[in-house]
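If you want the building blocks of each chain, they are given just below.
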Amino acid sequence: MRRSRQHRLARHRPRWVPLLDDHESITLAKVAMTAALGIAFAALPAVGAGAAAKVPLRAGDSSATNKTSPADTAIVAATGAGVATAAPAPRPAGESSATSQTSPADRAATLLRQQQALATPKAQSATPQAQSAAVSPAVVTIGFDDARETQANAGAILANYGFAGTFYLISGGGGSTFGLDNPGFLTQAQAHTLASEGHEIGGHTRSHPQLTTLATAGQTTEICGGRQDLINDGLGTPVSFAYPYGSYDTSAMGVARSCGYTSARSVDNGLDAIPPAVPMAVNAFESVTSAPNRYVSVSDLQAWVQSAENSSNQKWANLYWHDVVDAQHPGWGEDGLGDAALGYEQSVADFQTFLGWLQGEVSAGRVKVETAGQAMASAPTPPPAIQPYGAIGGLWNAKGGSASFLGAPLNNEYDVAGLAGARMEDFAGGKIYWSPGTGAHEVHGAILGKYLEWGGPAGYGLPVTDETTTPDGVGRFNHFDGGRSIYWTPGTGAHTVYGAIRTKWQGLGWERSTLGYPATDEGDGLAGARYNHFQAGSIYWSPSIGAHEVHGAIRDTWAALGWEHGALGLPTSDEFAITGGRQSDFQGGYITWTPTGGAVVH
């Protein structure tokens, strides 16, 4: 019996992580390379249990703690702040902001489609960077994750266009119920057909676990064991790997290298260089999806490729899919295209349209389509040592340089896609962003994960503060331009709050108010309404009535009636004092509360 995708939960309940809906999750910040790893291609010793130490985290930091699990083949959910793994919820078409009426995701998509060139490094530094003497074509890698059954058809389509892709397969070894030869997945015979069509076979572990929750021995079983399974199945000697959920740490990077992989792909970070600054954490774009409000269109794919064409030094565009489906080739879920509305699929028609366009770019000499293995094999000599400079270098040095929580630089600074004049640089423990208007600020840990999930600088604005401890000493936050913030505590995790809802929360006293910290991101309500749930209440907003808070017994009663879907509708006032009690007004009535009578609906 097929194991279908986890059912959508009720809107006002927490969203648990769908097991295989991995790659819309945000990757962890690229973690520190040890001296044994080196910055680029240094050889590694064999990895055994405990061989690669995990990166220590400073007290009070929102980064993930490196938890371990003895279950080497268990599929596990993320725990603790900073392990960002859940597929993000669809983003709305509207926003509660008083300054902007577009959502972060919509803003990100619009900016990506502007196809702005990634300029030669120049903006904030007086020290110019080395440049290529000649413009080279972009390299596009077409990847497929998870060994899903629909990929047999996708591989045949790809081959018909003369392109070879990289198929990152869950091997299904060690008794796993996920991966090759399990219901819903490719068979070994189909995997052999993909290889015979010229596609590269890559690794994706044995059972698709959260690698950051495993000790080094468990990571070795999953990564090296999965690779050996594929070798034993006669599927070649894989050299390309993709981290499940895009989640990794220094130990996982070392294990992947020691197993024989020459590259390991991350997720959601955009373009990368050839060779990549960190071969064991190669950047990629988000997974191609058809989910509501997160649909990745053909024009999006074209824009991503063109951004690589226009870049002077970030020429590698890693694109990846899960399912390519139509009526004859339904998707991962039981019901086919659109199942569970999570949408990790693209239509056959759109896939073919993109491949046809890509053929034209190849013919024009602007693009080469290569597997991940081919791209790494053709990589030129590694770049010189990295030295942060200008305002970004100044902040990095002020924080303590390589000895700080930011760690060592992973690349030279580069343009922020979609934001003219803005620059950024990746570090082992976070990122620093700079623009003339905002200056240089760092983002790291769980807040960085949430920030990238919501579109990063193009979707959620540039940071205007470093990560900062809240006045009550419990949480951490970054503010971003456009009136946006992300707050984190050990108990709530990291959540967005912005626009009119943020303004209301600020007016109530931020986290020291009755509501406490945000417990959800801003989400969709009924008929264009928006909401954030907090530790002790909620704020709802709509264009017609503005933002209002509701909490305590009145909120509990309203929730029991169906929230805004019930007869009372949306709140039209904050809770206020009445003789002997409290009251909140709603579109369809009001609720009062007294110590003796409790909450009463009127």
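Residues numbered from 1 in each chain as written. Predicted model: local features only at pLDDT ≥ 70, side-chain atom pairs only at ≥ 80, totals over all residues. Heavy atoms only, no water.

(A) Main features of the overall build of the chain. Within the chain, the regular secondary structure consists of 13 helices and 25 strands. The proportion of buried residues among the 602 residues of the chain is 59%. Put simply, 63% of the contacts in the chain that link residues at least 6 apart link residues at least 24 apart. Carbon and sulfur atoms make up 55% of the accessible area of the chain, which amounts to about 21,400 Å² in all. (Helix = DSSP H or I, 4+ residues; strand = E, 2+ residues; numbered from the N terminus. Buried < 20%, exposed > 50% of the residue type's maximum accessible area, 1.4 Å probe, protein only. Contact = heavy atoms within 4.5 Å. Areas by Shrake-Rupley, 256 points an atom, 1.4 Å probe, with all protein chains shown as cover.)

(B) Fine view of the packing of aromatic side chains. A full pass over the atoms with the stated rule returns 29 aromatic pairs. With 6.0 Å between their ring centres and 85° between their planes, F178 and F185 make a pair best called edge-to-face. The class of F185 is buried, set by a relative accessible area of 5%. Centre to centre, the rings of Y540 and W558 are 5.0 Å apart; their planes meet at 80°, and the pair counts as edge-to-face. A residue pair is termed long-range when its members are at least 10 positions apart, and Y540 in strand 20 (residues 537-542) and W558 in helix 13 (residues 552-560) qualify at 18 residues. By relative accessible area, Y540 is classed as buried at 1%. The buried category is assigned to W558, whose relative accessible area is 0%. In this structure an aromatic cluster arises from ring pairing among F144, F167, W321, F351, F354 and W357. If you follow R227 out to its NZ or CZ, it ends over the ring of Y261, 5.5 Å from the centre. Just above the ring of Y168 sits the side chain of R265; from NZ or CZ to the centre is 5.0 Å. (Phe/Tyr/Trp six-rings, centres within 6.5 Å; stacked < 30°, edge-to-face > 60°. Lys NZ or Arg CZ within 6 Å of the ring centre and 35° of its normal.)

(C) Region of the structure containing the packing of helix 4 (residues 216-232) against helix 5 (residues 250-259). Look at helix 4 against helix 5: their axes get within 9 Å of each other, and the N-to-C directions meet at 35°. Of the two elements, helix 4 crosses helix 5, and the hand of that crossing is right-handed. For the pair helix 4 and helix 5, contact is made by T216, Q219, T220, I223, C224 and R227 and by S251, A252, V255, A256 and C259, respectively. Partitioned by chemical class, the residues of the contact of helix 4 with helix 5 number six nonpolar, four polar and one charged. (Axes fitted to C-alpha atoms, helices over the stretch in contact; angles between N-to-C directions. Left-handed = near helix turned anticlockwise from the far one by under 90°. Nonpolar A, V, L, I, M, F, W, Y, C, P; charged D, E, K, R; others polar.)

(D) Inspection of the sheet that holds strand 17 (residues 493-498) at higher detail. Read from one edge to the other, the open sheet built from four strands follows the order 14-15-16-17, with strand pairing classed as antiparallel. Both outer strands of the open sheet, strand 14 (468-469) and strand 17, are each paired with one neighbouring strand and no more. Where strand 16 (residues 484-489) lies against strand 17, six bridges are found, and the strand directions are antiparallel. The residue bridging R484 from the neighbouring strand is Y498, located in strand 17. Of the strands in this sheet, strand 15 (476-480), strand 16 and strand 17 are in contact with helix 12 (residues 499-508), which crosses strand 17 at around 100°. (Pairing = 2+ DSSP bridges.)

(E) The state of the cysteines, seen in detail. The full count for this structure, using the stated rule, is one disulfide. Between the sulfur of C224 and that of C259 lies a disulfide, 1.7 Å long from S to S. A torsion of -75° about the S-S bond marks the disulfide between C224 and C259 as left-handed. Of the two residues, C224 sits in helix 4 while C259 sits in helix 5, which places them 35 residues apart along the sequence. Looking at C259, the relative accessible area reads 11%, which means it is buried. (Disulfide = S-S within 2.5 Å.)

(F) Representation of the sheet that holds strand 24 (residues 589-594) in the model. Pairing is antiparallel in the open sheet, where four strands are placed in the order 22-23-24-25. Lying at the two open borders of the sheet, with one neighbouring strand each, are strand 22 (576-578) and strand 25 (598-601). Within this sheet the neighbouring strands show an average axis-to-axis angle of 30°, counted without direction. As paired elements, strand 22 and strand 23 (residues 581-586) share three bridges and run antiparallel to each other. When the sheet's bridge partners are listed, F576 is paired in strand 23 with Q583.

(G) Region of interest: the pairing of strand 6 (residues 316-321). Burial runs high along strand 6: six of the six residues are buried. Here strand 6 shows no split at all, with W316, N318 and Y320 on one side and A317, L319 and W321 on the other all buried. Direction of pairing for strand 1 (residues 138-145) relative to strand 6: parallel, over a ladder of six bridges. Residue pairing in the sheet places G143 in a bridge with Y320 of strand 6.

(H) Inspection of the confidence of the model for the chain at higher detail. On average, the chain scores 78 in pLDDT, and the residues at 70 or more come to 73%. Low pLDDT, under 50, characterises residues 1-134; the predicted model gives this stretch 402 contacts beyond four residues in sequence or across chains. Within the model, the stretch residues 332-341 combines pLDDT values under 50 with 29 contacts to residues more than four positions away or in other chains. (pLDDT = per-residue confidence, 0-100.)

(I) Quick peek at helix 4. In a regular helix each residue adds 1.5 Å, so 17 residues correspond to 24 Å; helix 4 covers 23 Å between its end C-alpha atoms and thus fits that length. Roughly 25° is the biggest bend found in helix 4, and it falls at G225. Buried within helix 4 are the following residues: T216, G218, Q219, T220, E222, I223, G225, G226, R227, D229 and L230. Following helix 4 by one or two positions, G234 has its phi on the positive side, about 80°. (Expected span 1.5 Å × (residues − 1). Bend = angle between axes of the 7 residues up to and from the residue.)

(J) Structural detail: the packing of helix 6 (residues 298-310) against helix 7 (residues 348-363). Packing of helix 6 against helix 7 brings their axes to within 9 Å, and their N-to-C directions diverge by 25°. Here helix 6 lies roughly parallel to helix 7, going by the angle between them. You can see that helix 6 and helix 7 cross each other, and the crossing is right-handed. Contacts from V298, L301, Q302, V305, Q306 and E309 of helix 6 reach helix 7 at D350, T353, F354, W357, L358 and E361. Taken together, the residues that form the contact of helix 6 with helix 7 break down as six nonpolar, three polar and three charged. (Parallel < 35°, antiparallel > 145°, perpendicular 65-115°, else oblique.)

(K) View of helix 10 (residues 445-453). Of all nine residues that make up helix 10, nine are buried, and the element is covered over most of its length. Taken residue by residue, helix 10 has G445, A446, I447, L448, G449, K450, Y451, L452 and E453 as its buried positions. Buried-residue contacts for helix 10 involve strand 12 (430-435), strand 13 (439-444), helix 11 (456-460), strand 15, strand 16 and strand 17.

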